[in-house]
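# Close look at the chain arrangement
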Amino acid sequence: KAMAAVRYAMLAALAVNSVAFMGSTMSNSLTLMRSSTSKTCRAKPACVRTKVAPLRMASSTDAQYGKSFTVEATEEHTATVIWLHGLGDSGKEWTKLASAISVPWAKFVFPTAARQESTICEGATMNSWYDITGLGVKELRADEEGIRKSIEHIHSLLKAEIEAGTPSERIIVGGFSQGGCVAIAAAMTFEQELGGVMAVSSWYPRGVADTPTPANKKLPVMLCHGEVDPIAKVEWSRKAFEYLLDMDMPAEGNVYPGVGHEFTPAEVTDMKEFIQRNCPPTFTVKIQKPLGAVMEEAEYPLGAVKIGSLKEGGNAEKSGKLQVGDQIVRINGQLVRTQGFDQVMESLVAAESEVELKMVRPIPDRDADWASLSGEEQERRYKDAGGVIKVCSDGPCSKQGAKNVIRWLKELTPPEFSVSRCGCTGNCGNGPNLVIGGKGKEDRVLYGVNTVGKAVKMLREEYQIQTDPVVVQRILNPSKIAEFGISDELVRQGILASVTIRGSFETNRF
């Protein structure tokens, strides 16, 4: 018992002092599936919180489970994210994730698991979605009964959110470690179409959710994993990724070099983009038939239909609300988001003289090379995006940090701002250099060192973008942030497993 107490003390100390925040790169095996999207209707910077989001505690729908904590949207609520903590943690400990991700139209719900004895923690009682008996992949998901019980609880939260008025396709479920496993299982087995699911440092719930329900056969899935995770091996995410692709599901995956079983700011950025892409700004418009619009299949999500062009003088153009690239979500209240081109056209034809369309305006794809975009798409971004930033990404500039510059600028600008690699092949010298333009302004090139600082100054003065000081500080000092998963028992065990007596003195990991 004395040794166990010492061991837990060491784990706690290591967890509190742990820092492993660094940028993400794409693994060769985990290929990111992104679409070429259009502009957005948002006008306010996403990185600036216009007001403090209130924290609300609500009773669980199941007395056995703990409290759920809700962080309300800071603007009009049109989407919800339900996030599940890991072993031994609580929903309250993760509430700061809402402000870190900062999607103003999204409400965040952080439920707390039931308190029960944990086999892997020597019978200690703690918050746990299900019992974990060991660190092998089969042991991590052996308690199928416990997993199914937690699935029922999460399904009850989803149904309550839908009954409160949030459309099912505007709800994303996610989780860290053990919570990620339950999140995938709950999303895959839900009977209504969801907006997506995210799993960080987790594993696939084989035997419980081997195939999705018909409603979620095109469910977007994002897997994030530390490359040196000693608890949940990165190979497990790679296998899960391939398994999902074999089922033709739109999966994407990020691997984070040097990261163990922990949570990083780079994952926050990737999660934010996932939420924005799958639950972008939404609006409703009523239009008389004929619409006067040409419909096309959208690249993302699978089965979606977008406006390809507007007929001059047609009813769609006269509405003043629709733009090329907007996607149809519902027709007269009927969900058609991923039903495919033929089904959408049938629903439009069957509609009465006036059609109510629920639309989304996708966030511009920030991972495409500018040179790879069509001339039409480039012109559209210059005209309708909040602004355009192109970052030189040739060989010399890549060595000088072009990838980090792109990631930083994506964090500092609102989602409607186009940020992309320029796709050039020239040598820019002391780069990475930036080109800033759009919104009726001529292109300006920023050369040399400190291009990010120059860009921030220009964005403030000429584009009226008030960059969030907290975000700037996080970018400048990423090693000073250690906020998430501190109470997670598997994080603590992962930290202990990833260091040696010698290494703990010679490295700056902590």
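Numbering of residues starts from 1 in every chain and runs along the sequence as written. Only residues with pLDDT of 70 or above have their local features reported here, since the model is predicted, and side-chain atom pairs are shown and tallied only from 80 upward, although totals for entire chains, interfaces and linings are computed over all residues. Excluded from the side-chain calculation are hydrogens and water; included are all heavy atoms of the structure.

## Observations regarding the sheet that holds strand 17 (residues 388–391)
Pairing between sheet strands relies on hydrogen bonds along the backbone, with the strands arranged either parallel or antiparallel. Any two strands between which DSSP finds at least two bridges are classified as paired. Put simply, DSSP marks the helices as runs of H or I at least four residues long and the strands as runs of E at least two long, and each gets a number from the N terminus on. Strand order in this open sheet of four strands is 18-17-19-20, and the pairing throughout is mixed. Where the open sheet ends on each side, the last strands, each with one partner, are strand 18 (418–421) and strand 20 (441–446). In this sheet, neighbouring strand axes are inclined to one another by 15° on average, regardless of whether the strands run parallel or antiparallel. Summarising the sheet, strand 19 (residues 434–438) and strand 20 pair through four bridges and their orientation is antiparallel. Counterpart to I436 in the pairing with strand 20 is R444. Of the strands in this sheet, strand 17, strand 18, strand 19 and strand 20 are in contact with helix 10 (residues 375–384), which crosses strand 17 at around 125°. Every axis in this analysis is a line fitted to C-alpha atoms, fitted for helices over the stretch in contact. Angles between the N-to-C directions lie between 0 and 180 degrees. Residue contacts are defined here by distance: any two heavy atoms, one from each residue, within 4.5 Å place the two residues in contact.

## A closer look at the confidence of the model for the protein chain
Put simply, the protein chain has an average pLDDT of 78, and 74% of its residues get 70 or more. For every residue, the predictor reports its confidence as pLDDT, a number between 0 and 100. Looking across the protein chain, the model is least confident in helix 16 (residues 501–506), with a mean pLDDT of 29, and most confident in strand 3 (residues 79–84), with 98. Predicted confidence is poor over residues 1–52, with pLDDT under 50, and the contacts of this stretch with residues over four places away or in other chains come to 157 contacts.

## Here's the deal with the pairing of strand 10 (residues 251–256)
Side chains on a regular strand alternate between the two faces of the sheet. We call a residue buried when its accessible area falls under 20% of the maximum for its residue type, exposed when it is over 50%, and partly exposed in between, using a 1.4 Å probe and counting protein chains only. Of all six residues that make up strand 10, six are buried, and the element is covered over most of its length. Side-chain alternation along strand 10 places A251, G253 and V255 on one buried face and E252, N254 and Y256 on a second face that is also buried. Both strand 9 (residues 221–226) and strand 10 contribute to a ladder of six bridges, which runs parallel. Considered in strand 10, the bridge of M222 is made with E252. Classification remark: right-handed applies to a crossover when, strands pointing away from the viewer, the course from the first strand over the helix to the second runs clockwise. Taking the sense of rotation as the criterion, the β-α-β connection linking strand 9, helix 6 (residues 234–246) and strand 10 turns out right-handed.

## So, the pairing of strand 17
Taking every second residue as pointing to the same face, both faces of strand 17 are buried, with V388 and K390 on one and I389 and V391 on the other. Here four bridges tie strand 17 to strand 19, and the two strands are oriented antiparallel to one another. Residue pairing in the sheet places V388 in a bridge with G437 of strand 19.

## What to know about the side chain of E267
Topologically, E267 is positioned in helix 7 (residues 265–278). The contact partners of E267, leaving out residues within four places of it in the chain, are V200, C224, H225, Y256 and E262.

## Points about the packing of aromatic side chains
Whether two aromatic rings pair depends on their centres lying within 6.5 Å, for rings of Phe, Tyr and Trp, where Trp uses its six-membered ring; planes under 30 degrees apart make the pair stacked, over 60 edge-to-face, and the rest tilted. This structure, assessed with the given rule, holds 10 aromatic pairs. Taking the centre distance of 5.6 Å and the plane angle of 40° together, the rings of W94 and F176 count as tilted. With W94 in the loop between strand 3 and helix 2 (97–101) and F176 in strand 7 (residues 171–176), this pair connects stretches of sequence that are 82 residues apart. For W94, a relative accessible area of 0% gives the class buried. On the accessibility criterion, F176 (1% relative accessible area) is buried. Between F417 and Y463, the ring centres sit 5.6 Å apart and the planes meet at 70°, which makes this aromatic pair edge-to-face. Of the two residues, F417 is situated in the loop between helix 12 (402–412) and strand 18 and Y463 in the loop between helix 13 (451–462) and helix 14 (469–476); the sequence distance between them amounts to 46 residues. No difference in accessibility class separates F417 from Y463, as the two residues are buried. Pairwise contacts between aromatic rings join W83, W94, F176 and F263 into one cluster. The cationic tip of R206 hangs over the ring face of Y243; the distance from NZ or CZ to the ring centre is 4.3 Å. Charge-over-ring contacts are defined here by two conditions on Lys NZ or Arg CZ: a distance within 6 Å of the ring centre and an angle within 35 degrees of the ring normal. Positioned over the ring face of Y463 is K441, at 5.4 Å from the centre of the ring.

## Topic: helix 5 (residues 178–188)
Counted residue by residue, helix 5 has 11 buried out of 11 residues, so it is predominantly covered. Among the residues of helix 5, Q178, G179, G180, C181, V182, A183, I184, A185, A186, A187 and M188 are the ones counted as buried.

## Things to note about unusual backbone geometry
Keep in mind that most residues, glycine aside, have a negative phi and that most peptide bonds are trans. Omega for the peptide link from K289 to P290 comes to -5°, which places this bond in the cis form. Examined against the element boundaries, P290 turns out to sit in the loop between strand 11 (282–288) and strand 12 (293–297). Cis peptide bonds are those with omega within 30 degrees of zero, and the linkage from Y300 to P301 qualifies with -5°. Examined against the element boundaries, P301 turns out to sit in the loop between strand 12 and strand 13 (305–310).

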